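Residue strings, one per chain:
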Amino acid sequence: MNVQRPVAPAVRTTCPYCGVGCGVLATPDGVGGAAIAGDPEHPANFGRLCSKGLALGETLALETRLLHPMERGSDGDYRRVDWDTALDRVANGFRSIVERHGPDAVAFYLSGQLLTEDYYVANKLMKGFIGSANVDTNSRLCMASSVAGHRRAFGADTVPCNYEDIDEADLIVLVGSNAAWCHPILFQRMVRNRTERGAKLIVIDPRRTSTAEEADLFLPVEPGMDTVLFSGLLVHLAEKAVLDFDYIGRHTSGFEEALLRALEIAPGIAAVAAKTGLAVSDIERFYSLFRDTRRVLTCFSQGVNQSAQGTDKANAIINCHLATGRIGKTGAGPFSLTGQPNAMGGREVGGLANQLAAHMGFSPVEVDRVGRFWNARAMATGEGLKAVDMFDAIGRGKIKALWVMATNPAVSLPRAAAVRAATAGLELFVISENVRTNDTVNCGAHFLLPAAAWGEKDGTVTNSERRISRQRAFLPAPGDAKPDWWIVSEVGRRMGFADAFPYASAADIFREHAALSAFENNGTRDFDIGGLAALSNSAFDALKPTLWPFRAEGAKPTARFFSKGGFFTANGKARFVAPELPALREGTSEHFPLRLNTGRVRDQWHTMTRTGLSPRLGAHRPEPFVEVNAADARRAGLAEGGFARVQTAHGAVILRVKIAEAQRAGSVFVPIHWSDVTASSARVGDLVAPNTDPFSGQPESKATPASIEPVPFEYRAILILRRDAVLARDHWWSRVAFEDGTGYLIATNDPLEKWRERAPHFFEPRAEMAEYLDERRGVLRLAAFLHGRLEGCLFMGREELTSQWDMARSFLAADAIDANERRLFLSGRSHEGMVNCGPLVCACFGVGMTAILNAIESGAEDVEAVGKALQAGTNCGSCRPELKRIIAHERDRVADPV
Ligand SMILES: Nc1nc2c(c(=O)[nH]1)N[C@H]1C(S)=C(S)[C@@H](COP(=O)(O)OP(=O)(O)OC[C@H]3O[C@@H](n4cnc5c(=O)[nH]c(N)nc54)[C@H](O)[C@@H]3O)O[C@H]1N2
Ligand SMILES: Nc1nc2c(c(=O)[nH]1)N[C@H]1C(S)=C(S)[C@@H](COP(=O)(O)OP(=O)(O)OC[C@H]3O[C@@H](n4cnc5c(=O)[nH]c(N)nc54)[C@H](O)[C@@H]3O)O[C@H]1N2
Ligand code: SF4
Ligand SMILES: [Mo]
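Now for a look at the structure at hand. (Residues numbered from 1 in each chain as written. Chains lettered and ligands numbered in written order. Predicted model: local features only at pLDDT ≥ 70, side-chain atom pairs only at ≥ 80, totals over all residues. Heavy atoms only, no water.)

**Digging into the site of ligand 1**
Okay, step 1: If you check the shell around ligand 1, you find 35 residues, and the closest are Asp205, Asp226, Ser301, Arg600 and Gln604.
Okay, step 2: Computed on the free molecule, ligand 1 has an accessible area of 920 Å², of which 99% lies beneath the protein chains in the complex.
Okay, step 3: Listing elements by their share of the shell around ligand 1, those giving two or more residues are helix 6 (179–182), helix 14 (302–305) and strand 21 (594–599).
Okay, step 4: Taken together, the residues that form the shell around ligand 1 break down as 11 nonpolar, 16 polar and eight charged.
Okay, step 5: Residues lining the shell around ligand 1 come from more than one domain, with at least three contributed by each of domain 3 (144–336) and domain 4 (594–710). (Near = heavy atom within 4 Å. Areas by Shrake-Rupley, 256 points an atom, 1.4 Å probe, with all protein chains shown as cover. Helix = DSSP H or I, 4+ residues; strand = E, 2+ residues; numbered from the N terminus. Nonpolar A, V, L, I, M, F, W, Y, C, P; charged D, E, K, R; others polar. Domains from an automatic or database assignment.)

**Regarding the nonpolar core**
Taken as a class, soluble globular proteins show a tendency for nonpolar side chains to be buried jointly.
Okay, step 1: Formed by 118 residues in total, the largest nonpolar core has its most connected members in Phe94, Phe108, Ile204, Leu229, Phe230, Phe286 and Trp403.
Okay, step 2: Shared between two domains, this core holds at least three residues of each, these being domain 2 (70–142 + 344–455 + 480–514) and domain 3 (144–336).
Okay, step 3: Contacts of Trp403, omitting those with residues within four sequence positions, involve Phe94, Ala107, Phe108, Tyr109, Val430, Ile431, Ser432, Leu449, Ile487, Val488 and Val491. (Core = buried A, V, L, I, M, F, W, Y, C linked by side-chain atoms within 4.5 Å. Buried < 20%, exposed > 50% of the residue type's maximum accessible area, 1.4 Å probe, protein only. Contact = heavy atoms within 4.5 Å.)

**A closer look at the layout of surface pockets**
A probe as big as a water molecule, rolled over the atoms, marks out the empty space that is left.
Okay, step 1: Approximately 1000 Å³ is the volume found for the second largest pocket.
Okay, step 2: Lining the second largest pocket are 47 residues, with Thr64, Leu613, Val677, Asp724 and Arg735 sitting closest to its centre.
Okay, step 3: Taken together, the elements giving at least two residues each to the lining of the second largest pocket come down to helix 24 (615–618), strand 28 (732–738) and strand 29 (741–748).
Okay, step 4: If one sorts the elements of the lining of the second largest pocket by residue count, strand 28 sits on top with six residues.
Okay, step 5: Here the lining of the second largest pocket is built from residues that sort into 16 nonpolar, 17 polar and 14 charged. (1 Å grid on protein atoms, 1.4 Å probe; cavity = no way out; pocket = protein on both sides within 12 Å on 5 of 7 lines; lining within 4 Å. Points joined across faces, edges and corners; volume = space filled by probe spheres on them.)

**Structural notes on empty space enclosed by the protein**
Okay, step 1: Overall, the coordinates contain six cavities of 30 Å³ or more when judged by the stated rule.
Okay, step 2: Counted as a void, the second largest cavity has a volume near 170 Å³.
Okay, step 3: In terms of lining, the second largest cavity is formed by 16 residues, of which the most central are Thr59, Leu60, Arg65, Ala453 and Arg610.

**A look at the side chain of Ser432**
Okay, step 1: Within the secondary structure, Ser432 sits in strand 15 (residues 428–433).
Okay, step 2: A relative accessible area of 2% means that Ser432 is categorised as buried.
Okay, step 3: Side-chain polar atoms of Ser432 contact the side chain of Trp403, separated by 2.9 Å.
Okay, step 4: In this structure Ser432 touches Trp403, Val404, Met405, Ala406, Leu449 and Asp484, once residues within four positions along its chain are discounted. (Polar contact = N/O pair within 3.5 Å; in protein donor to acceptor, adjacent residues only side chain to side chain.)

Right, here's the structure in full:
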């Protein structure tokens, strides 16, 4: 009988991925899933979502979840324990280590993916009650240089701009930001501004990214040389007398020193061209556009932050805005785009080891103030260890207890292999996670604590423009999973601080956080949400997306900061900063002649614990790759589609080779997403040098000296399974999620016979095996059938077999396969009549390359026409640059046939 389930109403919540902070409408389907749509009322996205947001419904399944507290026994095996046991043992463990070795022997490593309430209690426990400031977060790898740049220039970590500036600017300069892929909905707003208002777009990035494809001017800067470019700009603005002397005089200090330094770094356009590798005419065009446009917005991201001189880069940018008074005005300002959904919230609560709480630091006055507010037992009185130093201290045995929450440092920290090794020496290692398996969990923590995931937890996040939005639960927490704030509070209570952690809900914590922000503030601190400190539970539930500051009594809302000065320094003036001479920390060498640039792809999120579950998202880039310039490839003897070992002083990975024009010579690009869970050898964090910025402690994740060499594999294979299997790492493989199972792309040197022996172990033992050796093509096809369905198959040969991937995948989805279909399947002919959809281009509508090429052949001449024919590119727009490229490529091919 078909039981009609009542359809629950849509719940308004916020996307758990990037810092754009899009509003989501989630409608639970009553069986553990939910339909996902953009929230038309949310001011970040007005109803739109990118491919990742749209696929959120595909990431809600429970197969990979950690559902119960687990304790590792002395035999190394994990046993399920109840919450009371787990919490008591974790609390006792921390207390005993603090008693024996002092508070600095313990540490928390947190994440911009925690909610503000989770973050607040973890920070409070460590900095107010355990008495150490050893709380750091993955924001150290992400936003720390922007934070430090803001604090040097403004006296506080203030983002002056908001998203309306993106719609209102006449010139948008993107520095080290691949926003088309990483902030797609904001990028769409930029592109709309360009189309509708004629705004100009400039992209500064060593790589010709999808973002660069849309730019009016692309500046392929030499890695690390942004400060030269912006110092040159400051000099240019001074020479052309477009400085705002009134603003400089009234609201800033240090201008002369900064200008003198800029002159040393960039004495003229020729010097800028020499150091940045850019054409003089391009530099002049950039400078004159900046000079002549009042409404100029400079958006920056990891190409700026992830640098050993990232703070200087941020300040070199800010200097140009201060000097022209273009800050805090409509459409004008330096705008650091945050990465994670709650990177900004983490900064508000003081998640970084060098901040205390509510944008306060460690001055005695501030320590005293926060201590009184918290009624603290043991206030930390100085900064704690920043991420890279924290893991060094763990490696040296100085830190003996570590609690990791909502981050995967065994993948994402520099020198990740050393990070994994370091954790082996911990006396107490606790992880709060959503998933049962990731590379950090697999290091063997003593306790695994099941955290409620997106869709199950309640609280707030703050996006790039300082807008606080609610995440609301729309699913019950599965198994024993609990909100992170609850887990931390329980441990706090059991450590003897029950009165300080009395919270019954996220609302309780939010009110306290809001009250602290206003405590003895009186306008001295930018972060003030005192107006939200008395929200009732129901008002918290109903809270609309709210920009901060949101002060208590009737103060006028501040949409932007600093248009009329009012900086948070002692004298109220902004500081110009004179940057150091720019240089990457390590030179290349004969052994390591290339630069390893690392970053993101469009459809994956970080270490893929969630996006990796989505079949749709896995289709865009199904395997880990290295992008190489043609000249470098030739020199190293690499072929397109072959394999290469990328190596640095710290480690090596083996990746598929993509030869790309977009990639500059001398540098290779590797995505950060793959780990030991999703690939045989692709964890790029192992290769990254731990060189950090002196002010922010942020590592230079985009410039490690590296080498590349071909790795030959004789055979290619595809393995498709209804039930997953474990593959040895002496073959190359990449794991891809399917609707009905898992797929592996494989390269191997083991001959066919070996795989034939191995094959039955991959499949359900009762399955019936069938085999076909296509001798002409040298392709072996093995398939396992059970109950008339395909259980799995292994195709193997000397050629690429990816063309048969879609066919095998569709057979896995089929309910019944008759004898004739089986025969065709095994002979490899069944796909001849099938359309092979080719690599996925538009993830929102699932449109592959084949359909796009057909549409172009049938006359679609531009992106709009392809969109009309196939819908491709008409939702989030992040595939539009790729569509453009495909159309141009086809046009050239037809015009100039080989
Ligand atoms: N699809 C997707 N989106 C994401 C994420 C994700 O995992 N996947 N993660 C989110 C997070 S946490 C973050 S922090 C953001 C990051 O967003 P972005 O910063 O836009 O992303 P990245 O790819 O890390 O790096 C941006 C660019 O910096 C360039 N770059 C490297 N060196 C230099 C340099 O010296 N100068 C300049 N000017 N550029 C340089 C790289 O070539 C790269 O194209 O994305 C967020 N959005
Ligand atoms: N080489 C190189 N390294 C980099 C970067 C780079 O560009 N290049 N980028 C850096 C940047 S900007 C960032 S932000 C980091 C990101 O790196 P990570 O933070 O290490 O990556 P994630 O995969 O997002 O890890 C989040 C983990 O938390 C879990 N999780 C998700 N939600 C929750 C929750 O609510 N509660 C709990 N307890 N767990 C949860 C997920 O399952 C996942 O295992 O990587 C950094 N590392
Ligand atoms: S742009 Fe995409 S990933 Fe970022 S918040 Fe919006 S929907 Fe989520
Ligand atoms: Mo990030």
